[in-house]
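Residue-level structure breakdown
The lines below spell out each chain.
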Amino acid sequence: MSSAVVRGSPLDLAMCGCPHKLKNMSIRGLKKKQPKTFKVKIITVDAEMEFSCEMKWKGKDLFDLVCRALGLRETWFFGLQYTMKGMCTWLKMDKKVLDQEIPKEDPISFHFLAKFYPEKVEEELLQEITQHLFFLQVKKQILDEEIYCSPEATVLLASYAVQAKYGDYDPNFHEPGFLAHDELLPKRVLRQYQLTAEMWEEKITAWYAEHRGIARDEAEMNYLKIAQDLEMYGVNYFPIAQNKNHTDLLLGVDAKGIHIYSINNRFSPNKSFEWSAIRNISYSEKELTIKPLDKKAEVFKFFSSQLKVNKLILQLCIGNHDLFMRRRKVDSIEIQQMKAQAREEKARKKMENQRLAREKQLREEAERAKEELERRLFQLEDEARQANEALLRSQEAAELLAEKAQIAEEEAKLLAQNAAEAEQERQRLEITALKTKEEKRLMEQKMREAELIAVKLVKESDRRAKEAEHLKQDLHEAREAERKAKQKLLDITRLNYPHMVKYPQYLPTDTRDANFDKGSIKLDLKDVDLKRLSFEIERERLDYLEKSKKFEDRLKELKSEIHALKLEEKQSGLYSHWTEVLGSLDRSLGNTPSWMKTFETGDSLDINLQRPFPAYSLNTTSSWPCTNKIQHAVPVEKSSFQTNSLVANSVGTGSRKQIIKVQQHDSDVIYI
């Protein structure tokens, strides 16, 4: 009978024999090894983190975990803060997290913030992460107005914040409006000055452009250097009272000591206790006592609202005092190593920055050279293109010039022929111009003669008008003398022959002749003067008609010559000149009498010249010259006069004698 041998380890044999039993044992062991945990959310200034913490962890365990996650070695400045019942409290490092009065929420929220502030940021902040966290926290406190800052300082701080975020200013990249979404100034400053966002951005950019070449850590350090000089920097304020009834003071704790402020003034403390001058700080319930190092000095006692406030004040005082004492001792090996590393890191960064600056400068120079070469290449290409175009244009122009040369040669022949013709035409025109000038001179002479004649006619017309007025006056005197002679004749007849007055036809001839001898002599004398005057007037009228006829012929002759010259002057451009000459002639005749104005029109010229003076008849009843064309008759009563004519004597005025001849016709009408 054969038997089988099973080889293996005892554990293998156990697993082969009872597999279910081993499985149950492993599950129970895993459950015992896995501890219970709770979730924690850590909120930093610029990020959020979540951790799983064990139930037995103390505050220091959680704090160290956060510092390792952040890479932070300067842990003594920071702490974990939480809010409970409206009061901000710091997590204690030596107690379990869950044993403290923390919010009952999942996950539990803590704020990782700076709990203590350095006196001199440039000497005490060694790590870049520490500096960055302080920069973010102080910036947030200034923007939230927890730290007061003047408007001018806020603009400068904002320019350093922009330099830390965006680097060097580049006008091509940082166009207007690139700060529109950044919170850089407190709302108090924005409300204080009524400026637009564009104006604030312009002010910040003006400072920002001057920070060229400053690295991010340097810009943040410059920000903190300015902020540490502010009165409210790093101070934790607590309301206190000197008695239990009311709160009227503020207690401030910072890196330098304890300060007492009035309730409305957080800038200038009323009383200060430096850490070097404080011997002891203690509290009992709500009362807190500050004992100065000088035993003769007065002990300062005050009351707070709660016991927790006193504990928090004492905790902050202890922490700030420890840091105050550490700064005045020799640095530990860890601090010395950190400072050496910080110096090396700064030197390395400085060299790196210098190298980057040189590389950046070389790159900018290379880019400028590249741009210059591209510009030069583009310019050369443009010049080559223009040269090709010019060459093509020159070839086309050469072809055109060849054609034009051939055409110009033909045109030269034509021009030579035209030049000869033009020379002949020029000579002809010169001769014509000379003739035209001579004709123009003659025409002007004729026009001057016509103007002189017109002036003479005007003067002659005025003289004739004056003579006519004198003749009219003489005629009136003659009529008056005739009337008187008639009256005298009737008076004589009535006296000598009273019976003949009624029947004058029966008067004897001898008697009539005898009685009128004296009057007949006078009447005959008057008759002779009147005839002579009539002859003179008729002779002057005929002379005037003859002169008018001559002037009419002369004007017709001038008119025909002017009309002939008008046609020629229209072609030679002198028509306007003769129009002005004729206009001047018309104006010279414009003041002539009405009988001369008829010369202005050609149609009625002949008619008016034939009758410059109408033939006036003399009568004894109307003025002379008569305006009617027919003779006026003076009717008289029928008498017994048998003689054919009567001569009346009248006395004239002045030296001129007027003779009036009275004739009796068969119709018993006497015509003058």
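Residues numbered from 1 in each chain as written. Predicted model: local features only at pLDDT ≥ 70, side-chain atom pairs only at ≥ 80, totals over all residues. Heavy atoms only, no water.

**Regarding the overall build of the chain**
Per the secondary structure count, the chain includes 16 helices and 16 strands. Expressed as a percentage of the 672 residues in the chain, the buried residues total 32%. In the chain, the proportion of contacts linking residues at least 24 apart, taken out of those at least 6 apart, comes to 62%. Roughly 44,300 Å² of accessible area belongs to the chain as shown, and the carbon and sulfur atoms make up 54% of that amount. (Helix = DSSP H or I, 4+ residues; strand = E, 2+ residues; numbered from the N terminus. Buried < 20%, exposed > 50% of the residue type's maximum accessible area, 1.4 Å probe, protein only. Contact = heavy atoms within 4.5 Å. Areas by Shrake-Rupley, 256 points an atom, 1.4 Å probe, with all protein chains shown as cover.)

**Side note on helix α8 (residues 197–208)**
In this model, α8 (12 residues) spans 16 Å end to end at C-alpha, consistent with the 16 Å of a helix rising 1.5 Å per residue. All of the buried residues in α8 are Trp200, Glu201, Ile204, Thr205 and Tyr208. Each buried residue of α8 lies within a common arc of 130° when the element is viewed along its axis, so the set occupies one face. (Expected span 1.5 Å × (residues − 1). Arc of directions from axis to C-beta.)

**Points about the environment of Met338**
As for its position among the elements, Met338 is in helix α11 (residues 333–496). Sequence-wise, Met338 and Gln127 are 211 residues apart; in three dimensions their C-alpha atoms are separated by 7.9 Å. Ignoring sequence-local partners within four residues, the contact set of Met338 consists of Arg73, Glu74, Trp76, Leu126 and Gln127.

**Observations regarding the sheet that holds strand β6 (residues 236–241)**
Ordered by their spatial adjacency, 7 strands build an open sheet running β9-β8-β7-β6-β12-β11-β10, and the pairing between neighbours is antiparallel. Two strands bound the open sheet, and with one partner strand each, they are β9 (271–274) and β10 (278–284). The mean inter-strand angle of the sheet, taken between neighbouring strand axes irrespective of direction, is 30°. Relative to β9, strand β8 (residues 257–262) runs antiparallel, the two sharing 4 bridges. Bridge pairing links Ile258 to Phe273 in β9. Taken strand by strand, helix α10 (residues 307–327) contacts β6, β7 (249–253), β8, β10, β11 (287–292) and β12 (300–304), and its axis lies near 160° from that of β10. (Pairing = 2+ DSSP bridges. Axes fitted to C-alpha atoms, helices over the stretch in contact; angles between N-to-C directions.)

**Some details on unusual backbone geometry**
A cis amide bond links Asp106 to the next residue, Pro107, at an omega of -5°. Among the structural elements, Pro107 can be located in the loop between β4 (87–90) and β5 (108–114). In this structure, Glu145 is a non-glycine residue whose phi angle is positive, near 65°. In this structure, Glu145 sits in the loop between α5 (128–143) and α6 (151–166).

**Looking at the pairing of β12**
Where burial is concerned, most of β12 is hidden: 4 out of the 5 residues are buried. Inspection of the sheet shows β6 paired to β12 by 2 bridges, in the antiparallel sense. Bridge pairing links Ala241 to Phe303 in β12. The sheet contact formed by β11 and β12 spans 4 bridges and is antiparallel. Looking at the pairing, Thr289 lines up with Lys301 of β12.

**Brief notes about the nonpolar core**
Of all hydrophobic cores here, the largest spans 90 residues; its most connected members are Phe110 and Phe112. Residue contacts for Phe110: discarding those within four places in its chain leaves Val40, Lys41, Ile42, Ile43, Leu62, Leu80, Gln81, Tyr82, Leu91, Val97 and Ile102. The next biggest cluster of nonpolar side chains, apart from the first, holds 5 residues, and it includes Ala450, Leu457, Leu555 and Leu558. (Core = buried A, V, L, I, M, F, W, Y, C linked by side-chain atoms within 4.5 Å.)

**A short note on the pairing of β7**
When you tally the buried positions in β7, you get 5 out of 5 residues, the bulk of the element. Of the two faces of β7, the one carrying Leu249, Leu251 and Val253 and the one carrying Leu250 and Gly252 are both buried. Note that β7 and β8 share 5 bridges and pair antiparallel. Pairing of Leu251 across the sheet is with Ile260, part of β8. Counting the residues between successive antiparallel strands, the hairpin from β7 to β8 contains 3 residues.

**Observations regarding the side chain of Arg188**
Assignment of secondary structure puts Arg188 in helix α7 (residues 187–192). No salt bridge is formed by the buried Arg188; its nearest oppositely charged neighbour, Glu145, is found at 4.5 Å. Setting aside its immediate chain neighbours within four residues, Arg188 contacts Glu145, Tyr148 and Cys149. (Lys, Arg positive; Asp, Glu negative; His and termini not counted. Salt bridge = Lys/Arg side-chain N within 4 Å of Asp/Glu carboxyl O.)

**Details of the sheet that holds β4**
Pairing within the open sheet is mixed, and its 5 strands lie in the order β2-β1-β5-β3-β4. Each end of this open sheet is capped by a strand with a single partner; those strands are β2 (48–54) and β4. Averaged over all pairs of adjacent strands, the angle between their axes in this sheet comes to 35°, without regard to strand direction. Sheet topology note: the strand β1 (residues 37–43)/β2 ladder contains 7 bridges and is antiparallel. Looking across to β2, one finds that Lys39 is bridged to Ser52.

**Digging into the confidence of the model for the chain**
On average, the chain scores 76 in pLDDT, and the residues at 70 or more come to 73%. Taken element by element, the chain is modelled with least confidence in strand β14 (residues 645–647), mean pLDDT 34, and with most confidence in α5, mean pLDDT 94. Low pLDDT, under 50, characterises residues 1–27; the predicted model gives this stretch 4 contacts beyond four residues in sequence or across chains. Every residue in residues 591–672 scores below 50 in pLDDT, and together they form 164 contacts with partners more than four places removed in sequence or on other chains. (pLDDT = per-residue confidence, 0-100.)

**Regarding the packing of aromatic side chains**
Geometrically, a pair of aromatic rings is defined through the distance of the ring centres and the angle of the planes. Enumeration according to the criterion identifies 17 aromatic pairs in this entry. Grouped by ring-pair contacts, the aromatic residues Phe63, Trp76, Phe77, Phe78, Phe112, Tyr117, Phe134 and Tyr233 constitute a single cluster. Above the plane of the ring of Tyr237 lies Arg266, whose end atom (NZ or CZ) is 4.9 Å from the centre. (Phe/Tyr/Trp six-rings, centres within 6.5 Å; stacked < 30°, edge-to-face > 60°. Lys NZ or Arg CZ within 6 Å of the ring centre and 35° of its normal.)

**What about the side chain of Asn320?**
Residue position: Asn320 is located in helix α10. For Asn320, a relative accessible area of 3% gives the class buried. A polar atom in the side chain of Asn320 sits 2.9 Å from the backbone oxygen of Leu316. (Polar contact = N/O pair within 3.5 Å; in protein donor to acceptor, adjacent residues only side chain to side chain.)

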